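# Examining the three-dimensional arrangement
In case you want the letters, here they are:
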Amino acid sequence: MEPASDLPAWTYAAAAILGYLLGSIPFGLVLTKAAGLGDIRQIGSGNIGATNVLRTGNKPLALATLLLDGGKGAIAALIAAQFSPLLAVIAGGAALLGHLFPVWLGFKGGKGVATTLGTLIAINWMVGIAACLTWLAVAFALRISSLSALVAVALAPLYAYVLGSGPQVVFAAFAAALVWIRHRENITRMLKGTEPRIGKKKPE
């Protein structure tokens, strides 16, 4: 395996492009259509992620969406990690961008929580598990998925700083910023006290 500094420039571009294409697969949309539930973008929040899939009432489908959305970031990072840890961070970051801005859906994608967590687990399992446990703790206590996600990703750079490396801190901070931006409407609803709780349908 070549050290990161000796890798040719094209490997970084390849990791970014392949990571983006993998991340842009809209599993929530594909699964709900395949299950005969229609277009998930016309349900609840209109998001293609697992939380909105859960609003269809199909828990196995929501779980599958969660695992696949997390898995695509993890797979992109794990493949790139065979060449260098830095390449893994680049591929994982590109996969997150693909999920948020998928070319197949006019660059209108999900909110990136599952893909962020999956990528974190792949590039540093301790950081990823710490973020996942944070999500679970907040979700169990308050039953608000968006708040759980925001707290988990906000703490991820700190976990990466303590348990990981510089590039991992950069990825965690980059992902946290994007996830928070994508949750603008959720933050507004939380401030108003109207954000739906886990398992509840969003009011029309």
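Going by the structure above, here's the rest.
Described in the following lines is the structure provided in the data block. Every chain's residues receive numbers from 1 upward, in the order its sequence appears when written. Under the rules for a predicted model, residues below a pLDDT of 70 receive no local features and side-chain atom pairs below 80 are neither given nor counted, while totals for whole chains, interfaces and linings still include all residues. Heavy atoms throughout the structure, all of them, feed into the side-chain values; hydrogens and water do not.

### Let's talk about the overall build of the protein chain
Helix and strand content of the protein chain: 10 helices and 0 strands. In this setup the radius of gyration rests on C-alpha atoms only. A globule is expected at 2.2 Å times the number of residues raised to 0.38. Since a compact globule built from 204 residues should have a radius of gyration of about 17 Å, the 17 Å found for the protein chain is in line with a globular shape. When its C-alpha atoms are laid out on the principal axes, the protein chain stretches across 55 × 35 × 25 Å. The burial tally for the protein chain puts 46% of its 204 residues in the buried class. Pairs at least 24 apart in sequence give 61% of the contacts found in the protein chain among residues at least 6 apart. Think of it this way: Lys and Arg go in the positive column, Asp and Glu in the negative one, and His and the chain ends go nowhere. Where a charge sits is defined by one atom per residue type, namely NZ (Lys), CZ (Arg), CG (Asp) or CD (Glu). Mean positive and mean negative side-chain charge positions of the protein chain (16 and 7 charges, respectively) differ by 13 Å. Strands here are runs of E lasting at least two residues and helices are runs of H or I lasting at least four, both read from the DSSP assignment and numbered beginning at the N terminus. Whether a residue is buried, partly exposed or exposed follows from its accessible area with a 1.4 Å probe, protein chains only, as a fraction of its type maximum: under 20%, in between, or over 50%, in that order. Between two residues, a contact is recorded if the distance between any of their heavy atoms is within 4.5 Å.

### Here we look at the nonpolar core
Buried Ala, Val, Leu, Ile, Met, Phe, Trp, Tyr and Cys residues form a nonpolar core when they are joined through side-chain atoms within 4.5 Å. Membership of the largest hydrophobic core comes to 25 residues, with the highest contact counts inside it found for Leu 117, Leu 120, Ile 123 and Phe 171. Looking at this core, the elements with two or more residues in it are helix H5 (85-100), helix H6 (113-123), helix H7 (125-142), helix H8 (145-163) and helix H9 (166-182). Each residue touching Leu 120, except ones within four places of it in the same chain, is listed here: Trp 125, Val 127, Gly 128, Ala 131, Ala 156, Phe 171 and Ala 172.

### Concerning the packing of H9 against helix H10 (residues 184-192)
When two helices pack together, their arrangement is captured by the angle between the axes and the distance separating the axes. The interhelical angle for the contact between H9 and H10, taken along N-to-C directions, is 60°, at an axis separation of 4 Å. Judged by the inter-axis angle, H9 sits oblique to H10. Contacts from Trp 180, Ile 181 and Arg 182 in H9 reach Arg 184, Asn 186 and Ile 187 in H10. Tallied by class, residues from the contact of H9 with H10 come to 3 nonpolar, 1 polar and 2 charged. Only the contacting stretch of a helix is used when fitting its axis, a line to C-alpha atoms as for every element, and angles between N-to-C directions run 0 to 180 degrees. Orientation is classified from the angle alone, with under 35 degrees giving roughly parallel, over 145 giving roughly antiparallel, 65 to 115 giving roughly perpendicular, and any other angle giving oblique. Three classes are used: nonpolar for Ala, Val, Leu, Ile, Met, Phe, Trp, Tyr, Cys and Pro, charged for Asp, Glu, Lys and Arg, and polar for all others, with Gly counted as polar.

### A word on the environment of Arg 182
With respect to the helices and strands, the residue Arg 182 is situated in helix H9. Sequence spacing of Arg 182 and Leu 142 is 40 residues, and the spatial spacing of their C-alpha atoms is 21 Å. Residue contacts for Arg 182: discarding those within four places in its chain leaves Leu 100, Phe 101, Gly 109, Gly 110 and Lys 111.

### Examining the pattern of salt bridges
Here, a salt bridge means any side-chain nitrogen of Lys or Arg that lies within 4 Å of a carboxyl oxygen of Asp or Glu. The tally for this structure, following the rule as stated, stands at 3 salt bridges. Note that Asp 39 is salt-bridged to Arg 41, the shortest N-O span being 2.9 Å. Since its relative accessible area comes to 33%, Arg 41 is described here as partly exposed. Notably, a salt bridge pairs Arg 189 with Glu 195, separated by 2.7 Å at the nearest N-O pair. Judged by relative accessible area, which is 16%, Arg 189 ranks as buried. Overall, the relative accessible area of 11% leaves Glu 195 in the buried class.

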